[in-house]
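Now for the letters of each chain:
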Amino acid sequence: MSASFDRRTAIKGILAGTVTLGIPTGLSALVTPNEELKLDSNMLKGRINHSVARWCFSDFDVETLCVEAKKIGITGIDLVGPKDWPILKKHNLVSTMCNGAELNLVDGFNDLKFHEQLIKNYTEMIPLVAEAGYKNLICFSGNRRGKTDEEGWNNCVMGLKKLIPLAEKHKVTLVMELLNSKIDHKDYQCDKTYWGVELAKRINSENFKLLYDIYHMQIDEGDVIRTIRENHKYIAHYHTGGVPGRNEIDESQELNYSTIMKAIGDTGFTGFVGQEFIPKQKDKIASLKKAIAICDI
Ligand SMILES: O=C(O)C(=O)CO
């Protein structure tokens, strides 16, 4: 039996539902760049809830991204604010990680001088998120700027604790993103899982959690699966991205996303995994489709 016959048989099996999608040696290894991957929402196993980060697909308008995302089984769009929520609603998609209350990534809750503006922004945004029926609102530590871990934790606790009663009342979770400070976000303070987890422990509310960005954490600390297993109760959301380069999450990069997804699934996670890679291939939707196939476990 030729290798190409094997591959075609396996692809047919996937389409017929007799071969499992997302196995580590599976779909990504079976589909060459020239072969179209057939994937639609009915073919997914449903153990992972899929979303996609709006900014990575900024070549498309929000409406087009909604249409294309829906076709391949994505049910949420990450990092959109109130202006675009009506478009998502029209397509029955969830705003899975709302944004719009943050100042930016470098000026965050770890610095008292930003608290007045941040508390105003989040106090206005939390009820809007709840009214729209959404759950997660992103926030950032901000850059360290010479602060010790302890100073950063204390300042974040002071600012965030003022918002937690409102978040609890509206059943909205404030989600702080872990970003790497080695390559992409030099000096960002919430750059290691232990730092975010310690903050979550001090805030001690189900309405404060972490966004574990697999791309960023592979760069800054590695040890992805063990870290997820040990800390999943503090994690509300995951982001993907190929390492190095933050491009496609396929065989061109170092992480085994199918295995990571299985580990996430095994923790009983019911939130969303957002694709947050910058597609390098010309057909960006084909890249997104393949990412969903890899993460469908
Ligand atoms: O800007 C980044 O690097 C992010 O991951 C934001 O979500």
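To start, this report covers the structure provided alongside it. Per chain, residues are indexed from 1 in the order of the written sequence. Residue-level local features of this predicted model are given only where pLDDT is at least 70; pairs of side-chain atoms are given and counted only at 80 or more, and the full residue set underlies all totals for whole chains, interfaces and linings. Only hydrogens and water are set aside when side-chain values are computed; all heavy atoms of the structure are taken into account.

## Some details on the layout of surface pockets
Estimates place the volume of the second largest pocket at around 390 Å³. Lining the second largest pocket are 20 residues, with K135, N136, T173, A236 and G271 positioned closest to its centre. Numbering goes from the N terminus for both helices and strands, where a helix is a DSSP run of H or I of at least four residues and a strand is a run of E of at least two. Contributing elements (two or more residues each) for the lining of the second largest pocket: strand 3 (94-97) and strand 7 (235-239). Considering each element in turn, the lining of the second largest pocket owes the most residues, 3 residues, to strand 3. Following the grouping adopted for this structure description, the nonpolar residues are Ala, Val, Leu, Ile, Met, Phe, Trp, Tyr, Cys and Pro, the charged ones are Asp, Glu, Lys and Arg, and the polar ones are all others, Gly among them. By residue class, the composition of the lining of the second largest pocket is 6 nonpolar, 9 polar and 5 charged. Only protein atoms enter the calculation, which uses a 1 Å grid: trapped sets of points that fit a 1.4 Å probe without letting it out are cavities, open sets showing protein on both sides within 12 Å along at least five of seven lines are pockets, and any residue with an atom within 4 Å of a point is a lining residue. Grid points are joined across faces, edges and corners, and a volume is the space filled by probe spheres set on the points.

## Here we look at the sheet that holds strand 6 (residues 208-213)
Strands pair, by our definition, only if DSSP identifies at least two bridges between them. With respect to topology, 8 strands assemble into an open sheet ordered 3-2-1-8-7-6-5-4, the strand pairing being parallel. The sheet is open, and its two borders are formed by strand 3 and strand 4 (136-139), each paired with just one other strand. Strand-to-strand, the axes of this sheet are offset by a mean angle of 35°, without reference to chain direction. Both strand 5 (residues 173-177) and strand 6 contribute to a ladder of 4 bridges, which runs parallel. Bridged to V175 within strand 6 is K209. Every axis in this analysis is a line fitted to C-alpha atoms, fitted for helices over the stretch in contact. Angles between the N-to-C directions lie between 0 and 180 degrees.

## Here we look at the packing of helix 9 (residues 224-231) against helix 10 (residues 257-266)
When two helices pack together, their arrangement is given by the angle between their axes and by how far apart the axes lie. Relative orientation of the contacting elements helix 9 and helix 10 amounts to 10°, with a least axis distance of 10 Å. The orientation of helix 9 relative to helix 10 falls into the category roughly parallel. Here V224, I225 and I228 of helix 9 come into contact with helix 10, specifically with T259, I260, A263 and I264. Its residues placed into classes, the contact of helix 9 with helix 10 shows 6 nonpolar, 1 polar and no charged. For this classification, under 35 degrees means roughly parallel, over 145 means roughly antiparallel, 65 to 115 means roughly perpendicular, and everything else is oblique. Whether two residues are in contact is decided by their heavy atoms, any of which lying within 4.5 Å being enough.

## Structural notes on the site of the ligand
Whether a residue is near a molecule or strand depends on its heavy atoms: it is near if one of them lies within 4 Å of it. Surrounding the ligand, one finds L79, L105, E177, L179, H185, D213, H216, R246 and E276. Two N or O atoms form a polar contact when they lie within 3.5 Å of each other; inside protein one atom must be a possible hydrogen donor and the other a possible acceptor, and for residues adjacent in sequence the pair counts only when both atoms belong to side chains. With respect to the ligand, the side chain of E177 contributes an N or O atom lying 2.7 Å from an oxygen atom. In the model, an oxygen atom of the ligand is placed 2.7 Å from a nitrogen or oxygen of the R246 side chain. Within the complex, the protein chains bury 88% of what would otherwise be the 230 Å² of accessible surface of the ligand. Of the residues belonging to the shell around the ligand, the class tally is 3 nonpolar, 2 polar and 4 charged. Here the open area of atoms and residues is found with the Shrake-Rupley method and a 1.4 Å probe, where only the protein chains shown may cover a residue.

## Remarks on the pattern of salt bridges
Take a side-chain nitrogen of Lys or Arg and a carboxyl oxygen of Asp or Glu: if they are within 4 Å of each other, that pair is a salt bridge. On inspection of all chains with the given rule, the structure shows 22 salt bridges. Here D111 ties to K113 by a salt bridge, and the two come within 3.3 Å at their closest N and O atoms. On the basis of relative accessible area, D111 is assigned to the buried category, the value being 12%. A salt bridge links K147 to D111; the shortest N-O distance between them is 3.7 Å. Linking K147 in the loop between strand 4 and helix 6 (149-170) with D111 in the loop between strand 3 and helix 5 (115-131), this pair joins segments that are 36 residues apart in sequence. Note on accessibility: K147 and D111 belong to one class, buried. Sharing partners across several salt bridges, the network here consists of D111, K113 and K147. Partly exposed describes any residue whose relative accessible area lies between the buried limit of under 20% and the exposed limit of over 50%, with all areas from a 1.4 Å probe on protein chains only and scaled to the type maximum.

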